[in-house]
Each structure stands twice: as structure tokens, then as C-alpha cells.
Amino acid sequence: QVQLEESGGGLVQAGGSLRVSCAASGRTFSNYVMGWFRQAPGKAREFLAAISGSGIYTRYEDSVKGRFTITRDNGKNTVSLQMNSLKPEDTAVYYCAAGLGWSVDDYIYWGQGTQVTVSS
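First, a word on what this report is: a plain description of the structure on this page. Here the residue index of a chain counts from 1 through its sequence in written order. With the structure being a predicted model, the display of local features is reserved for residues of pLDDT at least 70 and the display and counting of side-chain atom pairs for 80 or more, all residues being used for whole-chain, interface and lining totals. Derived side-chain values reflect all non-hydrogen atoms in the structure, with water molecules and hydrogen atoms excluded from consideration.

A few words now on unusual backbone geometry. The residue Asn77 is not glycine, and still its phi comes out positive at about 55 degrees. As for its placement among the helices and strands, Asn77 is situated in the loop between strand 7 (68-73) and strand 8 (78-83). Think of it in three bands: with a 1.4 Å probe and only protein chains considered, a residue is buried below 20% of the maximum accessible area for its type, exposed above 50%, and partly exposed in between. Its relative accessible area of 17% is what places Asn77 among the buried residues. Secondary structure follows DSSP: runs of H or I at least 4 residues long count as helices, runs of E at least 2 residues long count as strands, and numbering of each begins at the N terminus.

Quick look at the structure:
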């Protein structure tokens, strides 16, 4: 079992940067692909980025590629999402998730989310 807790959300102006992080419990953190998702009011949950257990491989959704960077620290059981050049449409609740594969359906543990609001 893995428990996830996000932090670092907040209010930022358009064009600014924010870093959200996720702390994981458990001794098998490096076994999991870690992902970041978001959900805006009235919209479906959206995949943003994922990173392999080793941290070597990453994947990004096209709309955030070049703006967002996912990293992980297996020694500290954390995964982070650095978000630059933020836009008002990036406003959402951001969730981290742990999975056994790269498919969205492979994510089995989820955090409670952290709110990111980008003002225009």
C-alpha cells in the first residue's frame, strides 16, 4: 500500500512558476511509475506527466510539454512537478498517482490533490 500527499499548490499569476510535490509512504516507492494529473471544475481528469521508477524515462501530455517537468527522488520518496509559464487554463486540482504501468488505468494509488490557481 502507498499513501500519497501532495503539497505546494497555491495562487500564482499568469506567466509565473509553481512547484507541486508529492510525498509517498512505503518502502517500495521506486517500484512505481509516478504520474501527475489535474482536474478542473466541470472537466474530466487529465494526464499531465509520468516518470518511471528509476526516473530515467518521462512522458508528458502535449499541452504541458516544455513547460512542466516531472522529477522524482527515490531516496526521499517524493515526486515533483515544476510548472513554468503558467496559464489561467492550468487552474485545477493537481493529483499525484502511483501505478504499475504507463497506462492511465494502471494507476492504483492517488493523493487527495492540491489546488493550483493561475490568475490572469
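The structure having been displayed, the exposition proceeds.
For two strands to be treated as a pair, DSSP must find no fewer than two bridges joining them. An order of 1-3-8-7 is seen for the 4 strands of this open sheet, with the pairing classed as antiparallel. Each of the sheet's edge strands pairs with one partner strand only, and the pair in question is strand 1 (4-7) and strand 7. Going across the sheet, the axis of each strand differs from the next one's by a mean of 15 degrees, ignoring polarity. Sheet topology places strand 3 (residues 18-24) next to strand 8; 6 bridges connect them, and they run antiparallel. Bridging from a neighbouring strand, Arg19 pairs with Gln82 of strand 8. Every axis in this analysis is a line fitted to C-alpha atoms, fitted for helices over the stretch in contact. Angles between the N-to-C directions lie between 0 and 180 degrees.

For Leu18, the position within the fold is in strand 3. Its relative accessible area of 16% is what places Leu18 among the buried residues. Put simply, Leu18 and Asn77 are 59 residues apart on the chain and 20 Å apart in space, counted from C-alpha to C-alpha. Only heavy atoms matter for contacts: two residues are in contact if any of them lie within 4.5 Å across the pair. Residues in contact with Leu18, not counting those within four places in the same chain, are Gly8, Gly9, Gly10, Leu81, Gln82, Met83, Leu86 and Val116.

We now examine the packing of aromatic side chains. Pairs were defined over the aromatic rings of Phe, Tyr and Trp, the Trp ring being its six-membered one, requiring ring centres within 6.5 Å. Orientation was assigned from the angle between planes: stacked under 30 degrees, edge-to-face over 60, tilted for the rest. Counted by the stated rule, this structure contains 5 aromatic pairs. Between the aromatic rings of Phe37 and Phe47, the centroid separation amounts to 5.6 Å while the plane-to-plane angle is 70 degrees, which identifies the pairing as edge-to-face. Remark: Phe47 occurs in strand 5 (residues 46-51) and Phe37 occurs in strand 4 (residues 33-39); sequence separation between them is 10 residues. Residue Phe37 is classed as buried on the basis of its relative accessible area of 2%. Each ring, one from Phe37 and one from Trp110, has its centre 4.8 Å from the other, and the planes form 55 degrees; the classification is tilted. Residue Phe37 is found in strand 4, and its partner Trp110 is found in strand 10 (residues 107-110); the two are separated by 73 residues along the sequence. A network of ring pairs unites the aromatic residues Phe37, Phe47, Tyr107 and Trp110 as a single cluster. Note that Arg45 overlies the ring of Trp110, its terminal NZ or CZ placed 4.0 Å from the centroid. Placement of a charge over a ring requires the Lys NZ or Arg CZ to be within 6 Å of the ring centre, with the centre-to-atom vector within 35 degrees of the ring normal.

This part covers the side chain of Arg38. Relative to the elements of secondary structure, Arg38 occurs in strand 4. According to the relative accessible area criterion, Arg38 is buried, its value standing at 7%. Here the side chain of Arg38 touches Asp90 through a polar contact of 2.8 Å, side chain to side chain. In this structure Arg38 touches Ala44, Arg45, Glu46, Leu48, Ser63, Val64, Phe68, Glu89, Asp90, Ala92, Val93 and Tyr94, once residues within four positions along its chain are discounted. Under this definition, polar contacts are N or O atom pairs within 3.5 Å; protein pairs additionally need one hydrogen-donor-capable and one acceptor-capable atom, and for neighbouring residues in sequence, both atoms have to be side-chain atoms.

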